[in-house]
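Commentary on secondary and tertiary structure
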Amino acid sequence: MKQMNIYEEANRCLLCLDAPCTKACRTGDPARAIRAIRFDNHKPALRWVANCSDEDLDSAEKACIHYNWPIRIKDMLRSINHDDVPDDSYPPLDIDFCGIHCENPFFLASSAVCTNYEMVARAFDAGWAGVFYKTICLQEIKEVSPRFDAIHSNGTRGDFYGFRNMEQLSENPVEMDLDIMKRLKQDYPTKVVVASIMGKTKEEWIKLAKMAEEAGVDAVELNFSCPQMRITGMGSDTGQDPEMVLTDTRSVKNAVKIPVIPKMTPNITHIVQPALSGYLAGADAISAINTIKSVTMETRSSVSGKFTISGYSGRAVKPIALRYILEIAQNEEMKNIELSGVGGIETWRDALEFIQLGCSNVQVCTAVMQFGYRIIDDLILGMKRYMKKRGVSKLKSLVGEKLATFASPSDLDRSTIVYPKIDFEKCVGCGRCEISCSDGGHQAIVFNHETRQPRIVGSKCVGCHLCSLVCPAGAIGPARRITKK
């Protein structure tokens, strides 16, 4: 019997509100266990079903409301080995950012996930350390409908990997948002509240920053990066101009005493230029990135039959966001700048990658829009468990630890090779590896149609590992690295 791919099965779960499977289970919480698997915490998942009998899990499975066929709850959970990391002494996740103490590195990004008091309060209660509150400005904001679109796989719905939005800034009056932020700081003094602001002129930037400081926020983020402003001279129009970033950042920095954090746009060839301008103007940290200008053409997402260029986010943009964070972190002139990472963060492992490239905190938006504030549970659990497993006691020690592993293409090792290796116990004989190697690689795999088994031809293989990436069964991995002949 082939081993179940528990992540594949967990990804089918609808992640229900008030989950029927848990309501039907007398002794545990299978919905929470499945959610842990979905967000990269499969071994700790067993703690929520530790006392469940097969009968309990059968009842949970019968209660599943999946529109196709029920999640194989019992088989999935019974396929997991017990956790090898004790949970009795997880390390804390607290870390300082711009001199502000944060209980953990997880923040809400300035967006639709934090537009009023009730939303942010629920997020704080759930465990989020802070919020970059939705951007305020002095202009009237009018939004379109619909304003969102998503990119799915094969016509599926619900779990998208790319998200496009046409949303601008807060539609609330400035005074209302400032009052909300003031009340949030009063009611949640240990949480971090950052006001995201956007001005059109030097005077507007200064006015908004001073108003935010008077409201008692911990810092201000300068939104130089919104890609869909209907007003020229605002948003990414500013972030693409290093001189404007320099001038506006300096103006705000001279006007307030709280930390100032410019937010960079990815819609530019060299992000280091505006980031360096912000740094030279006295910025306390840099946020990167905002959404990427994009086009989608789903008819139902048009606005009165019209389309436009707007911002793209979601897990698909994470590699691009990491690239920009890396470029800023590697710049010698900004060696000591603190970073806040944004873009495609969904699991604790995503967040870890940003931290390992130099970020002291991360901001999350699209994943919250999909799955809710509850994902903080697995962000915290996964990061703590990872630190415990590695013997790391302070999150700060992980910040930037992977920077030294990056090199320019000219400095990479080109004298050795790692051949792929096939695990025939996992191989299902689909032949996908042969198809891809033949049509997109180096014709180094021969497929036996009678035995339905592939064979790697060493004399032709260049070690590109395309075969391992297309294998749906995970049956192809690396052999040891050897010197090229």
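Notes on the structure follow. Values in this document were obtained by computation on a predicted structure and should not be read as measured data.

With that settled, the discussion passes to the overall build of the chain. Looking only at helices and strands, the chain has 17 helices and 18 strands in total. Since a compact globule built from 485 residues should have a radius of gyration of about 23 Å, the 25 Å found for the chain is in line with a globular shape. Seen along its three principal axes, the alpha-carbon backbone of the chain occupies a region of about 75 × 60 × 55 Å. Restricting to contacts in the chain with at least 6 residues of sequence separation, those with at least 24 account for 72%.

Turning to its location among the elements, Ser 436 is positioned in helix α16 (residues 432-440). With relative accessibility at 15%, the residue Ser 436 sits in the buried group. With residues near it in sequence (within four places) discarded, Ser 436 still touches Gly 441, Leu 466 and Val 470.

If you look at the biggest cluster of nonpolar residues, it comprises 131 residues, and the most contacted ones within it are Phe 106, Leu 108, Trp 128, Ile 328, Ile 375 and Met 383. Membership of the second largest hydrophobic core comes to 11 residues, among which are Ile 422, Cys 427, Cys 433 and Cys 461.

What follows concerns the side chain of Thr 296. For Thr 296, the location among the structural elements is in the loop between β11 (292-294) and β12 (310-313). Here Asp 149 takes part through its side chain, which lies 2.7 Å from a polar atom of the side chain of Thr 296. Beyond its immediate sequence surroundings of up to four residues, Thr 296 is in contact with Asp 149, Ile 151, Arg 164 and Phe 307.

Take the packing of helix α13 (residues 348-356) against helix α15 (residues 376-390) next. Relative orientation of the contacting elements α13 and α15 amounts to 60°, with a least axis distance of 8 Å. In terms of orientation, α13 lies oblique with respect to α15. Handedness of the α13/α15 crossing: right-handed. Counting all contacts with α13, which are made through Trp 348, Ala 351, Leu 352, Ile 355 and Gln 356, the residues of α15 involved are Asp 378, Leu 379, Gly 382, Met 383, Tyr 386 and Arg 390. When grouped by side-chain class, the residues that make up the contact of α13 with α15 number seven nonpolar, two polar and two charged.

We now examine the pattern of salt bridges. Under the counting rule described, the total for this entry stands at 29 salt bridges. Taking the shortest distance from any N to any O, the salt bridge between Arg 315 and Glu 346 comes out at 3.2 Å. Of this pair, Arg 315 sits in the loop between β12 and α12 (318-330) while Glu 346 sits in the loop between β13 (338-342) and α13, placing them 31 residues apart in sequence.

Pairing within the open sheet is antiparallel, and its four strands lie in the order β5-β6-β12-β11. Two strands bound the open sheet, and with one partner strand each, they are β5 (148-151) and β11. Pairs of neighbouring strands in the sheet enclose a mean axial angle of 35°, with direction left out of account. Across three bridges, the pairing between strand β6 (residues 162-165) and β12 is antiparallel. Following the sheet pairing, Arg 164 is matched in β12 by Tyr 312.

Glancing now at helix α7 (residues 174-187). Compared with an ideal rise of 1.5 Å per residue, which puts 14 residues at 20 Å, α7 spans 20 Å between its outermost C-alpha atoms and is within 8% of the ideal. Taken together, the buried residues of α7 touch α6 (117-126), β4 (130-136), β7 (192-197) and α8 (202-214).

Along the chain, the position of Cys 16 falls in the loop between α1 (6-12) and α2 (20-24). With residues up to four places along the chain from it excluded, the contact list for Cys 16 reads Ile 65 and Arg 374.

With that out of the way, let us pick up the pairing of β7. Both faces of the sheet carry side chains from a regular strand, because those side chains alternate between them. Counting buried residues in β7 gives six out of six residues, a clear majority hidden from the surface. Across four bridges, the pairing between β7 and strand β8 (residues 219-223) is parallel. Paired with Ser 196 across the bridge in β8 is Glu 221. Note that the unit made of β7, α8 and β8 has a crossover that is right-handed.

The subject of this paragraph is the environment of Lys 394. You can see Lys 394 is positioned in the loop between α15 and β15 (416-422). On a C-alpha basis, the gap between Lys 394 and Pro 92 in space is 7.2 Å, while along the polypeptide they are 302 residues apart. Not counting the four nearest positions on each side in its chain, Lys 394 is found in contact with Asp 94 and Met 387.

In this structure, Pro 146 follows Ser 145 across a cis peptide bond, with omega equal to -10°. At the junction of Ala 288 and Ile 289, the peptide bond is cis and its omega measures out at 10° in the coordinates. Although it is not a glycine, Asp 40 adopts a positive phi angle of roughly 70°. At Arg 452, a residue that is not glycine, the phi angle is positive and equals roughly 55°. Assignment of secondary structure puts Arg 452 in the loop between β16 (445-448) and β17 (453-456). Residue Arg 452 is classed as partly exposed on the basis of its relative accessible area of 42%.

Glancing now at the packing of aromatic side chains. Under the definition given, this model contains seven aromatic pairs. Ring geometry for Phe 39 against Phe 371: centres 5.2 Å apart, planes inclined by 75°, an arrangement best described as edge-to-face. Here the residue Phe 39 occupies a position in the loop between α3 (30-38) and α4 (54-63), and Phe 371 occupies one in helix α14 (residues 366-371), the gap between them amounting to 332 residues. When its relative accessible area of 9% is taken as the criterion, Phe 371 is described as buried. Relative to Tyr 188, the ring of Phe 124 has its centre 5.3 Å away and its plane inclined at 65°; by these criteria the two rings are edge-to-face. Taken as a pair, Phe 124 in helix α6 and Tyr 188 in the loop between α7 and β7 lie far apart in primary sequence, 64 residues in all. A relative accessible area of 15% means that Tyr 188 is categorised as buried. Here the aromatic cluster, defined as three or more aromatic residues joined through ring pairs, consists of Phe 148, Phe 160 and Phe 163. Sitting above the plane of the Trp 48 ring, Arg 47 keeps its charged end 5.6 Å from the centroid. Arg 183 extends its terminal NZ or CZ atom over the ring of Tyr 117, reaching a point 4.5 Å from the ring centre.

Conventions and cut-offs
As a convention, each chain's residues are numbered from 1 in the sequence order in which they are written. With the structure being a predicted model, the display of local features is reserved for residues of pLDDT at least 70 and the display and counting of side-chain atom pairs for 80 or more, all residues being used for whole-chain, interface and lining totals. In computing side-chain values, all of the structure's heavy atoms are included and hydrogens and water are not. Counting from the N terminus, the helices are the DSSP runs of H or I reaching at least four residues and the strands are the DSSP runs of E reaching at least two. For the radius of gyration, the atoms used are the C-alpha atoms, and the globule rule reads 2.2 Å times the number of residues raised to 0.38. Should any heavy atoms of two residues lie within 4.5 Å, those residues are counted as being in contact. Only protein chains enter the accessibility calculation, which uses a 1.4 Å probe; a residue whose area is less than 20% of its type maximum is buried, one above 50% is exposed, and one in between is partly exposed. Only buried Ala, Val, Leu, Ile, Met, Phe, Trp, Tyr and Cys residues count toward a nonpolar core, and they belong to the same one when joined by side-chain atoms within 4.5 Å. Two N or O atoms form a polar contact when they lie within 3.5 Å of each other; inside protein one atom must be a possible hydrogen donor and the other a possible acceptor, and for residues adjacent in sequence the pair counts only when both atoms belong to side chains. Note on definitions: angles span 0 to 180 degrees between N-to-C directions of axes, and those axes are lines fitted to C-alpha atoms, for helices only across the stretch in contact. What sets the label is the angle itself: under 35 degrees gives roughly parallel, over 145 gives roughly antiparallel, 65 to 115 gives roughly perpendicular, and the rest give oblique. Crossing chirality is assigned from the near helix's rotation relative to the far helix, an anticlockwise turn below a right angle marking it left-handed and a clockwise turn marking it right-handed. Side-chain classes are defined by residue name, with Ala, Val, Leu, Ile, Met, Phe, Trp, Tyr, Cys and Pro counting as nonpolar, Asp, Glu, Lys and Arg as charged, and the others, Gly among them, as polar. Salt bridge criterion: a side-chain nitrogen from Lys or Arg within 4 Å of a carboxyl oxygen from Asp or Glu. Any two strands with at least two DSSP-identified bridges between them are counted as paired. One less than the residue count of a helix, multiplied by 1.5 Å, gives the span that helix is expected to have. Orient the strands so they point away from the viewer, and a crossover whose first-strand-to-second-strand path over the helix runs clockwise is right-handed. Paired rings are identified among Phe, Tyr and Trp, the last through its six-membered ring, by centres lying within 6.5 Å, and are further divided according to the angle between planes into stacked (under 30 degrees), edge-to-face (over 60) and tilted (the rest). Charge over a ring is defined by NZ of Lys or CZ of Arg lying within 6 Å of the ring centre and within 35 degrees of the ring normal.

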